[in-house]
Amino acid sequence: MTTQALILLIVFLAGLLVLSYPLGILIAKIADGKASVPGMRWLAWLERGMYKLAGVKADEGMSWKGYTLALLVFNVLGTLFVYAIQRLQLWLPLNPQAMPNVSADSSFNTAVSFVSNTNWQGYVGEGTMSYLTQMLALAGQNFFSAATGIAVVFALIRGFAAHSSKSIGNFWVDLTRSTLYLLLPLSVIFAVFLMGQGVVQNFSAYKDVQLADAVTYSMPKTGADGQPLKDSKGAPVTEEMTTRAQTLAMGPVASQEAIKLLGTNGGGFFNVNSAHPYENPTPLSNFFQMIAIFLIPAALCFAFGRMVGDQRQGWAVLATMTLLFVVMTVGVMVAEQQTHPVLAAMNVDQASSALQSGGNMEGKETRFGISASSLFVAVTTAASCGAVNAMHDSLMPLGGLVPVALMQFGEVVFGGVGSGLYGMLIFAILAVFIAGLMIGRTPEYLGKKIQSYEMKMTSVAILVTPVLVLAGTAIAVMTEAGRAGILNPGAHGFSEVLYAFTSAANNNGSAFAGISANTPFYNIMLAIAMWFGRFAMIVPVLAIAGSLAAKKRLEVNAGTMPTHGLMFIALLAGTVVLISVLNYVPALALGPVAEHLQMLHHAKN
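Residues numbered from 1 in each chain as written. Predicted model: local features only at pLDDT ≥ 70, side-chain atom pairs only at ≥ 80, totals over all residues. Heavy atoms only, no water.

## Quick notes on the overall build of the protein
Helix and strand content of the protein: 19 helices and 4 strands. For the protein, the C-alpha atoms occupy an extent of roughly 70 × 55 × 50 Å along the three principal directions. Within the protein, the fraction of its 605 residues that count as buried is 55%. Partitioning the intrachain contacts of the protein with sequence separation of at least 6 by distance along the chain shows that 79% fall at a separation of at least 24. Roughly 24,200 Å² of accessible area belongs to the protein as shown, and the carbon and sulfur atoms make up 66% of that amount. (Helix = DSSP H or I, 4+ residues; strand = E, 2+ residues; numbered from the N terminus. Buried < 20%, exposed > 50% of the residue type's maximum accessible area, 1.4 Å probe, protein only. Contact = heavy atoms within 4.5 Å. Areas by Shrake-Rupley, 256 points an atom, 1.4 Å probe, with all protein chains shown as cover.)

Structure below.
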């Protein structure tokens, strides 16, 4: 790990703290459905008008079942809408490239992906989606899926803060206020900043430009079914191509890029996402894209402390997230700065110097380098964002283990907008339950007794994603349709499949790019993992919120275990890591760990 990398990490965390603290105060105001939002009171008429138009009674609370039903209906309708737009885009406006209608299985996968805040992309954005599809369907769900996550965490926090209440809030109010007062204003500001850095924003047709010299490149050959061909050894068959022109994709990129990051969505306008110079042109834009990913998840921790009446609780959760994040980030930075043992055996100079970055630069942009690329890897997989500025498939084996492990923690290390905090609070409930068993006391968290019902729902919420990940991976490697998409045989190929299902079930959306996932098998299997990874966790979380809201809030006494000190931070972090280790270590041993050992073996031989 270089000095540059250490300084970048410190500056990043300091900048995040400075920006997220005041935003947390604003979010706490937004969560209070009856409070005006400072600086945005002029939008109150629009908020009231939307309630009146939709027939929403904003002053009426919902039970957890009513809240859940409203949330599920809204998201099912959103899925159908996104699916329909893709299937009809050829005949809709704002399609200057005359993009054809998207296939049924790909449309289904993409609709579920964007509604579930995953933004897994099995397609090439600039070669598949029209401007209307990008703006209306995909960017629209970037707002609504993020607002859904915020609404759920608001409901859970109210469960802790309430005193014998039947209500956990109003879903429509939470959805509207989160979008109107938080996501839209931040997105407008950030989109303007990105345009200033060089991110494109237009409705022009794509531009063809002549190259000074002809370029020859290799392309995978495809069969009649459109899938890559392989030789007898399972390696992809390629063919040489030559071109003298290049097509430059245009489009309304900045407006989608802003909410893609602020909403921890991650779906890029272009295929290579934030590695594309039209999405992420400069080191400064790269830095603030990382800040944008963590901004709302960090601010929600401060809002949490204010809403439960004890800011120390928010600091404790934030400290736990930061501790896990720093450890994992240092891990990927160190792994990527190391020399490749096979190249070292060939006496290739890989040392960091004034003339070269050293380490593993494969798959990374030279304008960002190893430090900024490695930090982005950790940020995007810790936050369930999935945006990438480097190819994760090119990471060193142990470097690639870090993003997989961050997702397998349950996306609670900052995590997605809303989902990261409610996921971490579920682990907090489990942690106090374990502590209560150890000391022989009834578990309590924030004045609420944790009893059998809460633990049953907690178990469902925690175990649903490992089941989806491990079962999905097993089915993929056991079936011919699943194995057909693996372009790299051996341990790395297994890692690609494991990464795909880990990313889908934990609603991250990034990928090890060596897997050909735009097939009916993977489109359907990954869509199932994304949908249940999102909503099979949200339902028990809302059930816990309803149960806690109905309970009396107990006063702190001499027997109450503090949940804001260093001991609790260590307990909470240990619980997150322990659950992940118990669930996933065997799978990780077959993938990244085995690949690392193979690499060392090849270096010695």
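## What about the packing of aromatic side chains?
As enumerated under the stated definition, the model contains 26 aromatic pairs in all. For the pair Phe193 and Phe288, a centre-to-centre distance of 5.4 Å together with 70° between the ring planes defines the contact as edge-to-face. Here Phe193 is found in helix α7 (residues 171-197), whereas its partner Phe288 is found in helix α9 (residues 283-307), with 95 residues between them in sequence. For the ring pair Phe269 and Phe270, a centre distance of 5.3 Å and an interplane angle of 65° mean the geometry is edge-to-face. By the burial criterion, Phe269 is buried, and Phe270 matches it. The structure contains a cluster of three or more aromatic residues connected by ring pairs, namely Phe12, Phe190, Phe193, Phe287, Phe288, Phe294, Phe325 and Phe414. (Phe/Tyr/Trp six-rings, centres within 6.5 Å; stacked < 30°, edge-to-face > 60°.)

## Topic: the nonpolar core
Ranked by size, the top nonpolar core spans 167 residues in total, and within it Phe294, Ile296, Phe325, Leu421, Tyr445 and Tyr522 carry the most contacts. No other element matches helix α18 (residues 520-549), which puts 17 residues into this core. Ranked by size, the runner-up nonpolar core spans 9 residues in total, among them Val102, Ala111, Ala137 and Leu138. (Core = buried A, V, L, I, M, F, W, Y, C linked by side-chain atoms within 4.5 Å.)

## Looking at the side chain of Ser373
Tracing the backbone shows Ser373 in helix α12 (residues 369-382). With near-sequence residues (within four places) excluded, Ser373 lies in contact with Lys364, Glu365, Phe368, Asn389 and Ala390.

## Remarks on a nonpolar patch on the surface
Together, Leu69, Val73, Val76, Leu77 and Leu80 make up an exposed nonpolar region whose accessible area comes to about 460 Å². Following the sequence through the fold, Val76 ends up in helix α3 (residues 64-88). (Patch = residues over 30% accessible without salt bridge, like charges linked within 9 Å, V, L, I, M, F, W, Y side chains within 5 Å. Salt bridge = Lys/Arg side-chain N within 4 Å of Asp/Glu carboxyl O.)

## With respect to helix α4 (residues 104-115)
In this model α4 runs 17 Å from its N-terminal to its C-terminal C-alpha over 12 residues, within 8% of the 16 Å that 1.5 Å per residue would give. Counting buried residues along α4, 9 of its 12 residues qualify, which places the element largely inside the surrounding structure. Within α4, the full set of buried residues consists of Ser106, Ser107, Asn109, Thr110, Ala111, Val112, Ser113, Phe114 and Val115. Within two residues after α4, Asn117 carries a phi angle of roughly 65°, on the positive side. (Expected span 1.5 Å × (residues − 1).)

## Remarks on the environment of Ala435
Following the sequence through the fold, Ala435 ends up in helix α14 (residues 419-439). A relative accessible area of 6% means that Ala435 is categorised as buried. With 388 residues separating them along the chain, Ala435 and Glu47 place their C-alpha atoms 44 Å apart. Among all residues touching Ala435, those that are not within four sequence positions of it are Met561 and Leu571.

## Observations regarding the environment of Ala431
Position of Ala431 relative to the elements: it lies in helix α14. Distance from Ala431 to Leu571, taken between C-alpha atoms, is 6.5 Å for residues 140 residues apart in sequence. Once residues lying within four places of it in the same chain are set aside, the contact partners of Ala431 are Leu571, Leu572 and Thr575.

## As for the packing of α9 against α12
Two elements in contact, α9 and α12, have axes whose closest approach is 10 Å; the angle formed by their N-to-C orientations is 20°. Viewed along their axes, α9 and α12 adopt a mutual orientation that is roughly parallel. Both α9 and α12 take part in a crossing whose hand is left-handed. Counted together, Asn286, Gln289, Met290, Ile293 and Phe294 of α9 and Ala372, Leu375, Phe376, Val379 and Ala382 of α12 form the full contact between these two elements. When grouped by side-chain class, the residues that make up the contact of α9 with α12 number 8 nonpolar, 2 polar and no charged. (Axes fitted to C-alpha atoms, helices over the stretch in contact; angles between N-to-C directions. Parallel < 35°, antiparallel > 145°, perpendicular 65-115°, else oblique. Left-handed = near helix turned anticlockwise from the far one by under 90°. Nonpolar A, V, L, I, M, F, W, Y, C, P; charged D, E, K, R; others polar.)

## A look at the pattern of salt bridges
In total, this model carries 9 salt bridges according to the counting rule given. Between Arg158 and Asp174 there is a salt bridge, with the nearest N and O atoms lying 2.7 Å from each other. Of the two residues, Arg158 sits in helix α6 (residues 131-161) while Asp174 sits in helix α7, which places them 16 residues apart along the sequence. Neither Arg158 nor Asp174 differs from the other in exposure class; each is buried. Glu480 is the partner of Arg483 in a salt bridge, and the nearest nitrogen-oxygen pair spans 3.1 Å. Of this pair, Arg483 and Glu480 both sit in helix α16 (residues 480-483), 3 residues apart, which is roughly one turn of that helix. Given the relative accessible area of 56%, Glu480 is considered exposed. Within this structure, Glu257, Lys260 and Glu279 form a network of salt bridges that share partners.

## Concerning the environment of Leu92
In this structure, Leu92 sits in the loop between α3 and α4. Judged by relative accessible area, Leu92 falls into the partly exposed class, the value being 27%. Sequence separation between Leu92 and Ala212 is 120 residues, and the spatial gap between their C-alpha atoms is 37 Å. Every residue in contact with Leu92, bar those within four places of it in the chain, is listed here: Ile85 and Leu132.

## Remarks on the packing of helix α10 (residues 311-337) against α14
Following both chains from N to C, one finds α10 and α14 inclined at 100°, their axes separated by 11 Å at the closest point. With respect to α14, the element α10 is oriented roughly perpendicular. Contact with α10, carried on its side by Val317, Thr320 and Met321, involves Gly420, Leu421, Met424 and Leu425 of α14 and no other residues of that element. For the contact of α10 with α14, a count of residues per class yields 5 nonpolar, 2 polar and no charged.

## So, helix α17 (residues 491-505)
Spanning 15 residues, α17 covers 21 Å between terminal C-alpha atoms, matching the ideal 21 Å at 1.5 Å per step. The buried count for α17 comes to 15 of 15 residues, which makes it a mostly enclosed element. Taken from the residues just after α17, Asn507 is the one with a positive phi, measuring 55°.

## Side note on the side chain of Asn265
With respect to the helices, strands and loops of the structure, Asn265 is situated in the loop between α8 (253-262) and α9. Among the polar contacts made by the side chain of Asn265, one reaches the main-chain carbonyl oxygen of Ile259 at a distance of 2.8 Å. Excluding anything up to four places from it in sequence, Asn265 contacts Asn117, Thr118, Asn119, Gln141, Asn142, Ser145, Ile259, Lys260, Cys385 and Asn508. (Polar contact = N/O pair within 3.5 Å; in protein donor to acceptor, adjacent residues only side chain to side chain.)

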